[in-house]
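# Coordinate inspection notes
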Amino acid sequence: MFYASPAFGQPNQSCKLQDLKGTYGFTLKGTNLARGVGYIVAGVLTSDGGGNITGSGKQSVAGLVSDASFNGTYQLNADCTGTTHLRFTSGVQSDLYFVLVQDGEEAMMLYVDNGALESGDAKRINVAKGKP
């Protein structure tokens, strides 16, 4: 369950779906509080600016390292807050809350639900010193 306030968005800025477009490097770490298991995932995600995301990387769950791939959808509100629904190839699904900052160059992410707590960030990967 997400609890968000518009105060966390960018005041006086209007974001639109297309503002989250390109390739981003990301990390996300957290703990499954019910099981006492920690995990971290790092990788690359690509957003098409139309509400779709794909990505892959490496994850460590309780110290066991494996590949992680996912796809999903996202929504972005005018106040630069948004949500994304991710489906991992392992069958796990996750809904993240995020705030887009720095004119779409970075996103701060949070997940709190089902006894788990995750946080992380994503930063745009620039291609040849220009936006993709």
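Residues numbered from 1 in each chain as written. Predicted model: local features only at pLDDT ≥ 70, side-chain atom pairs only at ≥ 80, totals over all residues. Heavy atoms only, no water.

## Overview of the overall build of the protein chain
To keep it simple, the criterion reads: For the purposes of this entry, the term helix denotes a DSSP run of H or I that reaches at least four residues, the term strand denotes a run of E that reaches at least two, and both are numbered from the N terminus. Accessibility here uses a 1.4 Å probe with only protein chains present; expressed as a share of the type maximum, an area under 20% marks a residue as buried, one over 50% as exposed, and anything in between as partly exposed. Contact criterion: two residues are considered in contact whenever any of their non-hydrogen atoms come within 4.5 Å of each other.
On a plain count of helices and strands, the protein chain comes out with 0 helices and 8 strands. Per-residue burial for the protein chain yields a buried fraction of 36% across its 132 residues. In the protein chain, the proportion of contacts linking residues at least 24 apart, taken out of those at least 6 apart, comes to 41%.

## Topic: the state of the cysteines
Selection criterion: Here, the term disulfide refers to a pair of cysteine sulfur atoms separated by no more than 2.5 Å.
Scanning the model with the defined rule gives 1 disulfide in all. Here Cys15 is linked by a disulfide to Cys80, with a sulfur-sulfur distance of 1.9 Å. Taking the sign of the torsion about the S-S bond as the criterion, the disulfide between Cys15 and Cys80, at about 85°, is right-handed. With Cys15 in the segment before strand S1 (21–32) and Cys80 in the loop between strand S4 (64–76) and strand S5 (81–88), the pair connects residues that are 65 residues apart, well separated along the chain. Pair check on accessibility: Cys15 and Cys80 agree, each one buried.

## So, the environment of Ala116
Summarising the element assignment, Ala116 is placed in strand S8 (residues 116–124). The sequence separation of Ala116 and Gly30 amounts to 86 residues, and the corresponding C-alpha distance is 7.2 Å. For Ala116, the contacting residues outside a window of four places in its chain are Thr31, Asn32, Leu33, Tyr39 and Tyr111.

## Let's talk about the confidence of the model for the protein chain
Definition in use: Per-residue confidence from the predictor is reported as pLDDT, which spans 0 to 100.
Looking at the protein chain, pLDDT values average 86 and 86% of them are 70 or higher. Confidence over residues 1–10 falls short of pLDDT 50; this stretch has 21 contacts with residues more than four positions distant or in other chains.

## Looking at the sheet that holds strand S7 (residues 106–113)
Stated precisely, the cut-off is as follows: DSSP bridges decide pairing: two strands pair if at least two such bridges lie between them. For helices, the axis comes from a line fit to the C-alpha atoms of the stretch in contact; other axes are also lines fit to C-alpha atoms, and the angle between any two N-to-C directions lies between 0 and 180 degrees.
Ordered in space as S1-S2-S3-S4-S5-S6-S7-S8, the 8 strands form a closed barrel in which the pairing is antiparallel. Adjacent strand axes in the sheet meet at a mean angle of 25°, parallel and antiparallel pairs treated alike. Note that S1 and strand S2 (residues 37–48) share 12 bridges and pair antiparallel. Bridge pairing in S2 places Gly22 opposite Ser47.

## What to know about the nonpolar core
Which entries qualify depends on this criterion: Remark: nonpolar core denotes a set of buried residues (Ala, Val, Leu, Ile, Met, Phe, Trp, Tyr, Cys) joined through side-chain atoms within 4.5 Å.
Ranked by internal contacts, the top residues of the largest apolar core, which has 24 residues, are Phe26, Phe70, Phe98, Leu100 and Met109. Sorting the residues of this core by element identifies S1, S2, S4, S5, strand S6 (93–101), S7 and S8 as the ones contributing at least two each. Of all the elements, S4 adds the most residues to this core, at 4 residues. Those residues within four positions of Phe26 in sequence are excluded, and the remaining contacts are Val41, Ala42, Gly43, Val44, Leu45, Ser56, Phe70, Met109, Asp121 and Ala122.

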